[in-house]
Amino acid sequence: MAFFSSLTPVFIAIICVLIGVILRKTNGEKEKQDVKSKLTSRPWVDEDLKDGTDHPLEEEEPDEEWQGLEENVAHVPFTAERYSEAEMIKRSQTFYELLNKRRSVRFLSDEPVPREVIDNVIRTAGTSPSGAHTEPWTFVVVQDPHLKHKIREIVEEEEEINYKKRMGDRWVNDLKRLRTNWIKEYLDTAPYLILIFKQVYGQFPNGKKKTHYYNEISVSIACGILLAALQNAGLYTVTSTPLNCGPQLRVLLQRPANEKLLLLLPVGYPKKDATVPALTRKPLEDIMVVM
């Protein structure tokens, strides 16, 4: 009896150690889950703005037809205009000066813009390179006043929630110096709204999905070319990413499920009393590294 009594403290110590190990393991797993949850749960990130190339589609059957082009695409001679060094320098400087005047303008006039200009700048955006020449973009041009106002209502409702709840204090404070908020008057006043959708996948005639390689990058490049084309035509815009509005706007504009909203551009002339923040751009030595 005395023997067992002497072992009691040992048993108690062992039990305490086991309980401690179990609790420690449970807490560790809970911490891992919490960390994982924090990493994956970012309520301000719009699912539409995530790159669909992270989730490749199922492999096509070996005999599946290719991405809509003939198997043997003819190659033709390519000729390009060649400039002298002096002309190259002059043209590059002139183009830089033109694009350096580009500003994000939030005060847009309702003055009409020729529709042919919009057609041409979107044609220009359509010259963008794309993965395997899939051209995974759709440019939706909205000019109907009622439809523009519906878009504004959807965007402002979600943007107010973004500013007050989703974006966080740091993001909101960083935007204060630019004097931006959830009120988007330009969505009504701009003569055109261009909504750029990325096609995250395509479809074969039999209904099967086909991969649109690098759809996010391809459409982003097209957007850059579109901004340059607008500047070249004397039109202005503000790059707007309508956070958490994609699904509603997709339904409103009757776009298919394979399209996700990437960017919204109000397009027009600046108002006569328009203002922009007095910002400067980084000098060349801060953005270029020569090896």
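Residues numbered from 1 in each chain as written. Predicted model: local features only at pLDDT ≥ 70, side-chain atom pairs only at ≥ 80, totals over all residues. Heavy atoms only, no water.

Student: What is the right way to look at the sheet that holds strand 5 (residues 259–267) in this model?
Tutor: Backbone-to-backbone hydrogen bonds pair the strands of a sheet. The strands run either parallel or antiparallel. Strand order in the open sheet made by the three strands is 1-2-5, with antiparallel pairing throughout. Looking along the sheet, the strands with just one partner apiece sit at the ends: strand 1 (137–142) and strand 5. Here the strands of the sheet are splayed against their neighbours by 20° on average, with no regard to which way each runs. Pairing analysis gives eight bridges linking strand 2 (residues 192–199) to strand 5, with the strands arranged antiparallel. From the neighbouring strand, I194 faces strand 5, where its bridge partner is L265. (Pairing = 2+ DSSP bridges. Helix = DSSP H or I, 4+ residues; strand = E, 2+ residues; numbered from the N terminus. Axes fitted to C-alpha atoms, helices over the stretch in contact; angles between N-to-C directions.)

Student: So what exactly am I meant to see when it comes to the pairing of strand 1 here?
Tutor: Every regular strand shows the same layout, with side chains that alternate between the two sheet faces. With five of its six residues buried, strand 1 lies for the most part within the structure. Pairing of strand 1 with strand 2, which is carried by six bridges, proceeds in the antiparallel orientation. Paired with V140 across the bridge in strand 2 is L195. (Buried < 20%, exposed > 50% of the residue type's maximum accessible area, 1.4 Å probe, protein only.)

Student: Would you explain the confidence of the model for the protein chain in this entry?
Tutor: Low pLDDT means the predicted coordinates in that region are not meant to be read closely. Confidence in the prediction for the protein chain averages 82 pLDDT; 71% of positions are at 70 or higher. Low pLDDT (under 50) marks residues 53–63, which in the prediction has 14 contacts with non-local residues, meaning those over four places away or in another chain. (pLDDT = per-residue confidence, 0-100. Contact = heavy atoms within 4.5 Å.)

Student: Where do I start with the pattern of salt bridges in this structure?
Tutor: Two side chains of opposite charge can pair, provided their charged atoms sit close to one another. Scanning the entire structure with this criterion turns up seven salt bridges. Between K271 and E185 there is a salt bridge whose closest N-O contact spans 3.4 Å. Residue K271 is located in the loop between strand 5 and helix 9 (284–287), and its partner E185 is located in the loop between helix 5 (169–176) and helix 6 (186–189); the two are separated by 86 residues in the primary sequence. K271 sits in the partly exposed class, given a relative accessible area of 27%. Residue classification places E185 among the partly exposed positions, given a relative accessible area of 41%. Close ionic contact of K198 with E216 constitutes a salt bridge, the shortest N to O distance being 2.4 Å. (Salt bridge = Lys/Arg side-chain N within 4 Å of Asp/Glu carboxyl O.)

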